[in-house]
Amino acid sequence: MDAFIRSFPLEDIRVRAGGDGRTVEAYAAVFDTPTEIHDQDGHYMEVIDRRAFDRTLQQLAPAGSRTSWRVGVFYNHGRTLWGTPSERGSMPIGTPVEVKADTRGLLTVTRYNRTELADEVLENIREGAITGQSFTGGFLRSDPGRTPRGGYRADSGGKLRTVRRQEIALKEYGPTPFPAYPDAAVVGVRAEQAARLLAELPSDERERLVEMLRTGTPLETPPGEPPAGPPAVGDPTPGPAAEDSPAGHSARQKIAWAKVRAEIMARRAQ
């Protein structure tokens, strides 16, 4: 079962008022909302069914003598920008207090640990620099049930096929930063694929991609506007960085990845 990552920009991620300010509420998934996807299954519209997490939540919830949830909470999926395991990020940043499916999506309530990385993430949430969450999971049941050979593609009229995810096995979830791309498409890219692509890039192209992700620079500069550069002194930063990725974070998250990949491959072909 392949692991997929899905990221959702949510403006209502918040630290609970009262107490010591270490409990965070946020949605890790949104139900019944068509979302454009580019991944190893092709190009299609995806809808997460409101019952997709029912079985996995029953399996992961505290039961009997077990008092804790069997699901991890990691910043940026415990990985570096390059898609490789991060020693620092591999430590959980929090403990699930409650994970449930409501009318909107998969709501998580998380108690953050007292660690340096968890403190950095909390501060970025409070400052509004981190406004989204994502999850890693496996798609156990979908409609259609099989991906066509060569993946999903738009039909002759440009219409995309809709794939409904009916059952998902939740593996982990956590907060994630998002570059400010004007393109609204969600790109779900398997971690191994992104890691291979990044590893193949020459260092100058890899550095350019890092800068684009860090600053949210769109690939196509609007007419009459100069290309965006690094943030000015005093601008908000996109969030805590992994120890070997000072310029940014996961290349597998909600970005216009198809455009990024197309541009990179075009440059390499020159």
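Residues numbered from 1 in each chain as written. Predicted model: local features only at pLDDT ≥ 70, side-chain atom pairs only at ≥ 80, totals over all residues. Heavy atoms only, no water.

Caption draft 1: Representation of the nonpolar core in the model. With 34 residues, the main nonpolar core has Ile48, Phe53, Ile93, Leu106, Tyr112, Val121 and Phe135 as its most contacted residues. Elements with a contribution of two residues or more to this core: strand E1 (4–9), strand E3 (23–30), helix H1 (54–60), strand E8 (105–112), helix H2 (116–126), strand E9 (132–143) and strand E10 (162–176). In this view, Ile48 contacts Phe8, Ala29, Val30, Phe31, Asp32, Phe53, Phe135, Arg165 and Ile168; residues no more than four positions away in its chain are not counted. (Core = buried A, V, L, I, M, F, W, Y, C linked by side-chain atoms within 4.5 Å. Buried < 20%, exposed > 50% of the residue type's maximum accessible area, 1.4 Å probe, protein only. Helix = DSSP H or I, 4+ residues; strand = E, 2+ residues; numbered from the N terminus. Contact = heavy atoms within 4.5 Å.)

Caption draft 2: Just the sheet that holds E8, in detail. What the 4 strands build is an open sheet, ordered E2-E3-E8-E7; its pairing is antiparallel. Strands at the two margins of the open sheet, each flanked by one partner only, are strand E2 (14–15) and strand E7 (94–101). Direction of pairing for E7 relative to E8: antiparallel, over a ladder of 7 bridges. In the strand pairing of E8, Pro96 is matched with Thr110. (Pairing = 2+ DSSP bridges.)

Caption draft 3: Quick peek at the pairing of strand E4 (residues 35–39). Here E4 shows a clear split, with Thr35, Ile37 and Asp39 buried on one side and none of Glu36 and His38 buried on the other. With 5 bridges joining them, E4 and strand E5 (residues 42–48) adopt antiparallel strand pairing. Following the sheet pairing, Glu36 is matched in E5 by Met45. Between E4 and E5, which pair antiparallel one after the other, the connecting turn spans 2 residues.

Caption draft 4: Spotlight on the side chain of Arg6. Tracing the backbone shows Arg6 in strand E1. In this structure the side chain of Arg6 is engaged in a polar contact, spanning 3.2 Å, whose partner is the side chain of Tyr44. A polar contact is formed between the side chain of Arg6 and the side chain of Glu46, at a distance of 2.7 Å. (Polar contact = N/O pair within 3.5 Å; in protein donor to acceptor, adjacent residues only side chain to side chain.)

Caption draft 5: Broad picture of H2. Those residues of H2 not exposed but buried are Leu117, Ala118, Val121, Leu122, Asn124 and Ile125. Down the axis of H2, the buried side of the element spans an arc of 165 degrees, and every buried residue falls inside it. Buried residues belonging to H2 abut E2, E3, E8 and E10. Directly after H2, the chain includes Gly128, whose backbone phi takes a positive value near 85 degrees. (Arc of directions from axis to C-beta.)

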